[in-house]
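# Topology and contacts: notes
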Amino acid sequence: MEAYSLKQVDETFKRRDLAWSILAAKSTNKNGEPLYKSFDEFFDYQKALAKVSKLKQTENEMNPELVRIAKRVAEYRRMKGGEGK
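None of these values were measured; they are calculated from a predicted model. (Residues numbered from 1 in each chain as written. Predicted model: local features only at pLDDT ≥ 70, side-chain atom pairs only at ≥ 80, totals over all residues. Heavy atoms only, no water.)

## Quick look at the overall build of the protein chain
Counting its regular elements, the protein chain contains four helices and zero strands. Ordered by position from the N terminus, the helices and strands of the protein chain form the series α-α-α-α. Here the protein chain holds 85 residues, and 12% of them are scored as buried. The long-range fraction of contacts in the protein chain, counting pairs at least 24 apart against all pairs at least 6 apart in sequence, stands at 47%. Carbon and sulfur atoms make up 55% of the accessible area of the protein chain, which totals about 7500 Å². (Helix = DSSP H or I, 4+ residues; strand = E, 2+ residues; numbered from the N terminus. Buried < 20%, exposed > 50% of the residue type's maximum accessible area, 1.4 Å probe, protein only. Contact = heavy atoms within 4.5 Å. Areas by Shrake-Rupley, 256 points an atom, 1.4 Å probe, with all protein chains shown as cover.)

## Observations concerning the pattern of salt bridges
Counting across every chain of the model gives three salt bridges. Measuring nitrogen to oxygen at the nearest pair gives 2.4 Å for the salt bridge that ties Glu 65 to Arg 68. Here Arg 68 and Glu 65 lie together in helix H4 (residues 64-83), a separation of three residues that amounts to about one turn. Residue classification places Glu 65 among the partly exposed residues on the basis of a relative accessible area of 40%. Linking Arg 78 and Glu 75 is a salt bridge whose minimum nitrogen-to-oxygen distance equals 2.7 Å. Here the residue Arg 78 and the residue Glu 75 both occupy positions in helix H4, the gap between them amounting to three residues, near one helical turn. For Arg 78, a relative accessible area of 55% translates into the label exposed. (Salt bridge = Lys/Arg side-chain N within 4 Å of Asp/Glu carboxyl O.)

So, in structure tokens, the structure goes:
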């Protein structure tokens, strides 16, 4: 899931980079100055990556009951898979 989320950030970056290029070419304020002085003002890539990183949880942060159930299901699947061999 993390890899998919990171890919989405990269895709968003590409779209925003294109939009930035178009915007920078024609957008100005009343004084004729560009609305954005840098691309980072338009799209903060590092902030978007940090947001994805925050989605990861350690086992300690998860609901202990759900962790216990997930472990039991994984163990059951290992045992069930081993019976036929």
